[in-house]
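Commentary on secondary and tertiary structure
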Amino acid sequence: MPVPWTKIDAHTHTSASDGTDTPTELMQAAAHAGLDCIALTDHDSWAGWGEASAAVQLTGVALVRGMELSTQAGPGSIHMLAYLFDPNDTALIELTAEIRDSREHRAERIVARMAEDFPITWEDVLEQAQDARSIGRPHIADALVALGLVPNRSAAFDQMLSPKAGYYQPYYAPSPVDAVVAIRAAGGVPVVAHPGAYAHGAGLAPERLRALVDAGLGGIEVGHRLNSPQLQQQLRADAARYNLIVTGSSDYHGTGKPNPLGEFTTAPNQLERIIDEATGVPVIVPA
Ligand code: AMP
Ligand code: ZN
Ligand code: FE
Ligand code: FE
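Everything quoted here is computed from the prediction, not taken from an experiment.

Scoring rules and cut-offs
Residues numbered from 1 in each chain as written. Chains lettered and ligands numbered in written order. Predicted model: local features only at pLDDT ≥ 70, side-chain atom pairs only at ≥ 80, totals over all residues. Heavy atoms only, no water. Axes fitted to C-alpha atoms, helices over the stretch in contact; angles between N-to-C directions. Helix = DSSP H or I, 4+ residues; strand = E, 2+ residues; numbered from the N terminus. Parallel < 35°, antiparallel > 145°, perpendicular 65-115°, else oblique. Left-handed = near helix turned anticlockwise from the far one by under 90°. Contact = heavy atoms within 4.5 Å. Nonpolar A, V, L, I, M, F, W, Y, C, P; charged D, E, K, R; others polar. Expected span 1.5 Å × (residues − 1). Buried < 20%, exposed > 50% of the residue type's maximum accessible area, 1.4 Å probe, protein only. Donors = N, O, S within 2.8 Å, 3.2 Å for Na, K, Ca; no water. Near = heavy atom within 4 Å. Polar contact = N/O pair within 3.5 Å; in protein donor to acceptor, adjacent residues only side chain to side chain. Areas by Shrake-Rupley, 256 points an atom, 1.4 Å probe, with all protein chains shown as cover.

**Some details on the packing of helix H8 (residues 176-185) against helix H9 (residues 206-215)**
Contact geometry for H8 and H9: axes closest at 9 Å, N-to-C directions at 20°. Of the possible angle classes, the one that applies to H8 and H9 is roughly parallel. Along this stretch, H8 crosses H9, giving a crossing that reads as right-handed. Packed against H8, whose contacting residues are Pro176, Val177, Val180 and Val181, the element H9 presents Arg208, Ala211, Leu212 and Ala215 at the interface. Here the residues of the contact of H8 with H9 sort into seven nonpolar, no polar and one charged.

If you want it as structure tokens, here you go:
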């Protein structure tokens, strides 16, 4: 069935992970930005779904329930968007709990190392995490800002939180292929996020893309500020070759990142394909 929405932002974050808007504020911001449909995709958590769903009628913005799953490929991390999966899927519940646990413990280790050089404590980080279910470097960054050690979150990522600074620690996450399989098993649609963030902007190696497609990949996030125009062109060709869904988004984090809502959007016929492939939960539609 054709979808009735035309301004669709398929990737956003709230305070349930590392965004600064509550789910209600996100839905209101989406309405103000002129969007009529957004996907909520917090990192490794769908704790924001309930509150965002309750704001659909109020704002008139349709809600695609999703998340952004962390995965690990060698030394690099790859993010896998997951749309409309069943939130009661036991395997996905256990997998995300394991990732969140590992990510938080490793954040504690990063802070312990940083505390040798800077006046930062784990309590400072927890103060920034508030209602976050998924604690990571963004919250350490916010603590560094609050302590006056850096001007903003992005500066913290460029400086102390960069692997080059020597405090960085890795964390457990499944392989991208295992993530794709787990999302499909839960009735969701896996879409690989912002390929421009990997391999120094070069995107996904052809062998990796083929392996993901073989595992059941549904789509590629083409419209994203981390994908160069040249990479976007290549990704569109890749998507055509494998008959994959093409999405676009802002990756909005409130004041945590400069990305404005609706910076890139998803075509209605592409969202329609996501809806057609999903068997977990429906889109929440305003009356
Ligand atoms: P971590 O997964 O704990 O290593 O932290 C990396 C995450 O920080 C990524 O998923 C980014 O989306 C997120 N992040 C949030 N704000 C920023 C920012 N201003 N610069 C870089 N990464 C950011
Ligand atoms: Zn994030
Ligand atoms: Fe991401
Ligand atoms: Fe994101």
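Structure shown, so let's carry the discussion forward.
**Some thoughts on helix H4 (residues 90-114)**
Here H4 contains 25 residues, and its C-alpha end-to-end distance of 36 Å stays within 8% of the 36 Å for a straight helix at 1.5 Å per residue. Residues of H4 that are buried include every one of Leu92, Leu95, Thr96, Ile99, Ser102, Arg103, Arg106, Ala107, Ile110, Val111 and Met114, and no others. On its buried face, H4 is in contact with strand S2 (37-43), strand S3 (62-73), helix H5 (122-129), helix H6 (137-146) and H8.

**Concerning the environment of Leu144**
Relative to the helices and strands, Leu144 is located in helix H6. Accessibility expressed as a relative area gives 0% for Leu144, which makes it buried. Residues Leu144 and Phe118, 26 residues apart in the sequence, show an inter-C-alpha distance of 9.1 Å. Discounting residues that sit within four places of it in the chain, Leu144 has contacts with Met114, Ile120, Leu149, Val150, Ala156 and Met160.

**Section: the coordination of the iron ion (ligand 4)**
Every protein donor of the iron ion (ligand 4) is accounted for by His11 (NE2), His13 (NE2), Glu68 (OE) and Asp251 (OD), and the metal-donor separations fall at 2.0 to 2.2 Å. Written as a sequence motif, the donor residues of the iron ion (ligand 4) are H-x1-H-x54-E-x182-D. Between the two metal centres, the iron ion (ligand 4) and the zinc ion (ligand 2), the spacing is 4.4 Å. Here the residue His13 occupies a position in the loop between strand S1 (8-12) and helix H1 (23-32), and Glu68 occupies one in strand S3, the gap between them amounting to 55 residues. On the accessibility criterion, His13 (0% relative accessible area) is buried.

**Notes on the site of ligand 1**
In the neighbourhood of ligand 1, 15 residues make up the surrounding shell, with Arg103, Arg106, Arg137, Ser154 and Tyr171 lying closest. Side-chain polar atom of Arg106 to an oxygen atom of ligand 1: 2.6 Å apart, as the coordinates give it. In this structure, a nitrogen atom belonging to ligand 1 sits 2.9 Å away from a side-chain N or O atom of Ser154. If ligand 1 stood free it would expose 510 Å²; the protein chains cover 87% of that surface. Here the shell around ligand 1 takes three residues from helix H7 (residues 153-158), the largest share from any one element. Its residues assigned to classes, the shell around ligand 1 comprises three nonpolar, six polar and six charged.

**Digging into the coordination of the zinc ion (ligand 2)**
Coordination of the zinc ion (ligand 2) by the protein comes from Asp18 (OD), Asp18 (OD), His43 (NE2) and His253 (NE2), over a distance range of 1.9 to 2.7 Å. Counting residues between consecutive donors of the zinc ion (ligand 2) along the chain gives the motif D-x24-H-x209-H. Between the zinc ion (ligand 2) and the iron ion (ligand 3) there is a metal-metal distance of 5.7 Å. Taken as a pair, Asp18 in the loop between S1 and H1 and His43 in strand S2 lie far apart in primary sequence, 25 residues in all. For the pair Asp18 and His43, one class covers both residues: buried.

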